[in-house]
Amino acid sequence: MADNEDPKKGKKSKGTDIVVCGYPLSIFFIVVNEFCERFSYYGMRAVLVLYFKYFLRWDDDLATSIYHTFVALCYLTPILGAIVADSWLGKFKTIIYLSIVYAIGQVAMAVSAVHDITDSDRDGLPNNMTFHVVLSMVGLFLIALGTGGIKPCVAAFGGDQFNEHQEKQRSTFFSVFYLCINGGSLLSTIITPILRAQKCGIHSQQNCYPLAFGVPAALMVVALVVFIIGNSMYYKAEPQGNIMLDVCKCIGFAIKNRYKHRSNQYPKRQHWMDWAEEKYEKLLIAQIKMVLKVLFLYIPLPMFWTLFDQKGSRWTLQATNMDGNFGLLVIQPDQMQTVNPILILTLVPIMDSVIYPLIKKCGLNFTPLKRMTVGMLLAATAFVCAAVVQIEIDKTLPTFPSASQSQLKLLNMGSSPVTVKLPNHQLELPGAQASNEFFTFEAEEISVSVGSPEVTRPIFLAKGKRKTLLIPSIIDKEWVMTDDLTAKPEEGNNAIRFVNGMNTAVNVSTPGADFGLIEPFYYSNYSLIKNGKATFIIQSDSQSCEYSNEFGFGSSYTFFIPSIGPSCQNAITVAEDIKPNSAHMALQIPQYFFITAGEVMFSVTGLEFSYSQAPSNMKAVLQAGWLFTVAIGNFIVLIVAELAKLPKQWAEYVLFASLLVAVCIIFSIMAYFYTYIDPAEIEAQFKKKDHEDDEDDRSQLQKAEIEMVKKDSIKCHDADDAGKQTKI
């Protein structure tokens, strides 16, 4: 018996030779492949927007735009993958070839994140950013081609491995298959941000993006190897053509034929698709009409995905300005995305087993389209929550100088209080203390008077910059100006520096940072310290002491060292230049809850509704249409991000929520006028009609044959009579 015989016909095939627990052995290779591939994709995607912002140094808008362009491509390429698999290569070869492309893309991303490749001056920053940008864009394009191309093939290929009598096993396989998708997503979203937060590098230690991308690349290679190992066990169906191409050809012919017969002399037809009757079967045309009816409802749907997919971009960027300390756990900004798969695994059974039955018992007709409408409203509510959280974050952010302003802070390095006069300001500055705030000035040159008798000197400021004036204990000596930060430290780190107020040089060090030797009455450069407790060792000549401080996220401090004694803990004074993040990441949980509840009611219900309203052979067309709405939704994000340019992020969240509410109203009106159909019944009617037409044609053919026999008989009689007459 041939190896490639079809298991659907009940014959034995290679894919069903070995059975384990009632399942073909080949299924286990496919399930492992899917888990590894989803881990690879979601792991890479989890840290992607932070890679754009902190490694490639893009601003939030550009990082968001490129992120959503990538996601959109990932949802456009499945259409291409399905056509290639069904019309040319077959599912197995398509998965193999595109997985190779996929793995190459993941490796390219990992290599693009190695800063040492172009870090010629070994300062931890790439010197040739073009190399990293180009390589990462090539990698993302290959990943989009690979993950999208195999998306429609793997599940269908797994379904092909079962015989007709294995319906129960096939159903269980799809449940396990989608469990692997969520499992891979959940694990990778937890693990890769942890890997990213590690320090690695050859010449300088930086956040380990190569490892965060390298592990997903390795998992993709494992997925490919595992899939290839099962090669000899698979049933591989031959390509049988793609229904999407037939649908497109039929629609194209109908439009072309209608255009040809556009004049009034031709009678109108009931539906514009009826103009394809000259070339295509009525059953196919009726099926396409049913599909178009559903696709028409898809028109407003991209707006939901516009909001939904921002949890991996805007919401992750929002979390970078929040406090991720949960006590026993410190959550990275990109790890907050794990709330989504956790809630999905929780809410799906609750919705199916509790919420929907309860609504039904209340006598409410909660139709699929009504569920989808509620899902859209929940997504809009999520963005209102995000706007409220953003307002809370904005309250904690410092007010940095605009392009036309300058800011100045004062630090008294003497032990006695001094009086300082600034334009429109006068204050008493205690010894070894800094002013509580920055003073804002419009002029680039200001006059500062210190002490009594007053010593007045001009101070030159820089537009858009912050500076600190170090006032020496002896006023007549040189006044030192420091350059301060004009943005919060990146990735939740804390920017720390020390000011030496002693006559001797001081050395300050701590694990992971070295402030070096600080000259008398001078200051160190900033060093980045992670959140948590840090201990500093301060040395001067033969004296040394330790100073400890607890740090949060995103703060900046100046520590003033007036002297070194047995204990520095009380001697050193602290000036808080930038407050730490005080809005807690837990505030994001409500918005994640609403967006996930919306996803369950919108996405799961939407696919269920679409499949129930489409003919059995047209489900692939609806799947393509559904994925297309996701792609369009992501394109809308980048359009708004680039064109809206709203000054406040909360305003953008409100804009998106308002747009979705408006679209939701339009969708609810469209849903109100939608009539539910039974595609199987309509198909049966057409098949019955075709059968009756065939019977009529057959009976007419039989009648025509009888008539011809009669005519032949008459002709024969006439010929015999003519013969007799000739003889006579």
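The rules behind these values
Residues numbered from 1 in each chain as written. Predicted model: local features only at pLDDT ≥ 70, side-chain atom pairs only at ≥ 80, totals over all residues. Heavy atoms only, no water. Helix = DSSP H or I, 4+ residues; strand = E, 2+ residues; numbered from the N terminus. Buried < 20%, exposed > 50% of the residue type's maximum accessible area, 1.4 Å probe, protein only. Contact = heavy atoms within 4.5 Å. Areas by Shrake-Rupley, 256 points an atom, 1.4 Å probe, with all protein chains shown as cover. Lys, Arg positive; Asp, Glu negative; His and termini not counted. Charge placed at Lys NZ, Arg CZ, Asp CG, Glu CD. Pairing = 2+ DSSP bridges. Core = buried A, V, L, I, M, F, W, Y, C linked by side-chain atoms within 4.5 Å. Disulfide = S-S within 2.5 Å. Phe/Tyr/Trp six-rings, centres within 6.5 Å; stacked < 30°, edge-to-face > 60°. Axes fitted to C-alpha atoms, helices over the stretch in contact; angles between N-to-C directions.

(A) Structural context of the overall build of the protein chain. Secondary structure summary: the protein chain contains 17 helices and 20 strands in total. If one aligns the C-alpha atoms of the protein chain with their principal axes, the spans along those axes are about 160 × 60 × 55 Å. Looking at the protein chain residue by residue over its 728 residues, the buried ones come to 49%. Expressed as a percentage of contacts within the protein chain between residues at least 6 apart in sequence, the contacts between residues at least 24 apart total 71%. For the protein chain, the computed accessible surface area is about 34600 Å², with 60% contributed by carbon and sulfur atoms. Mean positive and mean negative side-chain charge positions of the protein chain (62 and 68 charges, respectively) differ by 6 Å.

(B) Structural context of the pairing of strand β15 (residues 513-518). Pairing of strand β14 (residues 506-510) with β15, which is carried by five bridges, proceeds in the antiparallel orientation. Across the sheet, T510 pairs through a bridge with A513, a residue of β15.

(C) Local environment of the nonpolar core. In terms of nonpolar packing, the biggest core is built from 137 residues, with I30, L48, Y51, F52, F70 and F213 touching the most fellow members. Per-element accounting of this core gives the leading share, twelve residues, to helix α13 (residues 368-396). Each residue touching I30, except ones within four places of it in the same chain, is listed here: V154, F157, G158, Q161, F173, F177, F227 and Y234. Core analysis: the next-biggest nonpolar cluster, separate from the first, contains 21 residues, F498, V508, F515 and I538 among them.

(D) View of the state of the cysteines. One pass over the full model with this rule turns up two disulfides. Paired by a disulfide, C200 and C208 hold their sulfur atoms 2.0 Å apart. Taking the sign of the torsion about the S-S bond as the criterion, the disulfide between C200 and C208, at about 105°, is right-handed. C545 shares a disulfide with C568; S-S distance 1.4 Å. What sets the handedness of the C545 and C568 disulfide is the S-S torsion sign, and at about -65° it is left-handed. Of this pair, C545 sits in strand β18 (residues 543-551) while C568 sits in the loop between β19 (556-561) and β20 (573-578), placing them 23 residues apart in sequence. Judged by its relative accessible area of 5%, C545 is buried.

(E) Representation of the packing of aromatic side chains within the structure. Under the counting rule described, the total for this entry stands at 47 aromatic pairs. Ring geometry for W315 versus F383: centroids 5.4 Å apart, planes at 40°, classification tilted. Of this pair, W315 sits in helix α11 (residues 314-319) while F383 is found in helix α13, placing the two residues 68 residues apart along the sequence. The residues W315 and F383 share a single accessibility class, namely buried. For the pair F609 and Y676, a centre-to-centre distance of 5.9 Å together with 85° between the ring planes defines the contact as edge-to-face. Taken together, the residues F609 in helix α14 (residues 589-612) and Y676 in the loop between α16 (649-672) and α17 (679-727) connect sequence positions 67 residues apart.

(F) Fine view of the sheet that holds strand β6 (residues 418-422). In spatial order, the strands read β7-β6-β9-β10; together these four strands make up an open sheet with antiparallel pairing. Across the chains shown, the open sheet's two edge strands, defined by having one partner strand only, are β7 (425-429) and β10 (455-460). Here the strands of the sheet are splayed against their neighbours by 25° on average, with no regard to which way each runs. With two bridges joining them, β6 and strand β9 (residues 445-450) adopt antiparallel strand pairing. Each bridged residue has a counterpart across the sheet, and for V420 the counterpart in β9 is V450.

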